[in-house]
Amino acid sequence: MGKTYERIDGRLRAFIEKQPVFFTATAPLDGDGTVNLSPKGISGSFAVVDERTVAYLDFAGSNAETVAHLRENGRITMMWCAFQGPPDIVRVHGRGEPVFRDDPRFAGLLRHFPDIDPTPHGLRAVIVVTAELIRDTCGYGVPFMSYDEDRDLHASRFRREDDESLSKYFEKKEHIATSIDGLPGLPLPLPGMPSPPAG
């Protein structure tokens with residue numbers, strides 16, 4: 001019942017761009033390490049860069065497991081489910097990389113997210129994923145659920161932070177600079193947000 005795709009385009013691209021939430025799964029190389037599964041759902045924070053590449057904005061939070069795992073080994077799976085309409089589940093298995101604020105590519109990558117102001121959310125990095133395997137499955141067991149609206153709590157919490165105070169917030173958290181399993185996480189102190197690219 002599943003199908004494998006060579007690229008992210010057409011119906012497949014339209015489906016994943018339409019979903020209000022997706023999930024990311026990563027793990028360390030150590031077989032005893034902690035597998036991490038995270039929901040992502042701030043409108044406008046996901047983009048299809050090209051037929052084999054997707055990206056999403058990594059915002060402030062109380063840990064940085066995904067960042068740490070990607071820095072160690074790059075493995076990631078992303079998943080979208082149809083909670084409305086015809087049943088479907090799409091997974092992109094690939095290699096991911098956190099592109100941090102002081103990376104020369106960072107400002108250019110922000111162009112892929114024209115509908116979101118990342119400033120209120122404490123943007124930490126852009127996660128760029130290159131697809132190695134793209135598949136969909138039936139999704140018959142996924143329930144119908146309605147999407148009402150995004151919560152405003154994340155922006156409300158972090159819009160009162162500037163780069164300096166945000167960096168201090170991260171430094172106080174146990175699993176930001178270092179993962180649960182002791183891997184390097186978010187590099188601190190947090191660099192300032194770069195100026196938007198011209199044009």
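Anyway, here's the lowdown on the structure attached to this text. (Residues numbered from 1 in each chain as written. Predicted model: local features only at pLDDT ≥ 70, side-chain atom pairs only at ≥ 80, totals over all residues. Heavy atoms only, no water.)

1. What to know about the overall build of the protein chain
Selection rule: In this text, helices come from DSSP runs of H or I with a minimum length of four residues, and strands from runs of E with a minimum of two, each type numbered from the N-terminal end. For the radius of gyration, the atoms used are the C-alpha atoms, and the globule rule reads 2.2 Å times the number of residues raised to 0.38. The classification of residues rests on relative accessible area computed with a 1.4 Å probe and restricted to protein chains. Under 20% of the type maximum is buried, over 50% is exposed, and intermediate values are partly exposed.
Summing up its helical and strand segments, the protein chain has five helices and eight strands in all. If you list the helices and strands of the protein chain from N to C, you get β-α-β-β-β-β-α-β-β-α-β-α-α. Relative to the 2.2 N^0.38 estimate, which gives 16 Å for 199 residues, the radius of gyration of the protein chain is 17 Å and therefore close to what a compact globule would have. Principal axes of the C-alpha set define a box for the protein chain whose edges measure 50 × 45 × 30 Å. Classification of the 199 residues of the protein chain by burial places 44% in the buried group.

2. Re the pairing of strand β4 (residues 46-50)
Here is the rule: Any two strands between which DSSP finds at least two bridges are classified as paired.
One ladder, built from four bridges, connects β4 with strand β5 (residues 53-59); its direction is antiparallel. Bridging from a neighbouring strand, Asp-50 pairs with Thr-53 of β5. As consecutive antiparallel partners, β4 and β5 are separated by two residues.

3. Considering the nonpolar core
For clarity, the cut-off: What we call a nonpolar core is a set of buried Ala, Val, Leu, Ile, Met, Phe, Trp, Tyr and Cys residues that are connected through their side-chain atoms within 4.5 Å. The contact rule is simple, with two residues in contact once any of their heavy atoms fall within 4.5 Å.
Counting residues in each nonpolar core, the largest one holds 33 residues, and the members touching the most others are Ile-8, Ile-16, Phe-46, Met-78, Trp-80 and Phe-170. The element best represented in this core is strand β8 (residues 123-137), accounting for five residues. Residue contacts for Ile-16: discarding those within four places in its chain leaves Ile-8, Phe-46, Val-48, Trp-80 and Val-90. Judged by nonpolar contacts, the second largest core, of 13 residues, contains Leu-57, Leu-109, Leu-123 and Val-128.

4. Examining helix α1 (residues 10-18)
Think of an α-helix as 3.6 residues a turn; residues three or four steps apart then line up on the same face. Our working rule: An arc is given here, and it is the one of the directions from the helix axis to the C-beta atoms.
All of the buried residues along α1 are Leu-12, Phe-15 and Ile-16. One side of α1 carries all its buried residues, which in axial view fall inside an arc of 90°. Of the exposed residues in α1, the ones pointing more than 90 degrees away from its buried face are Gly-10 and Lys-18. Packed against the buried residues of α1 are β1 (3-5), β4, β6 (75-81), β7 (89-100) and β8.

5. Quick word on the pairing of β7
Sheet analysis places β6 next to β7, joined by seven bridges and oriented antiparallel. By the bridge assignment, Met-78 is partnered in β7 with Val-92. By the bridge criterion, twelve bridges tie β7 to β8 in an arrangement that is antiparallel. In the sheet register, Phe-100 faces β8, and the bridge partner there is Ala-125.

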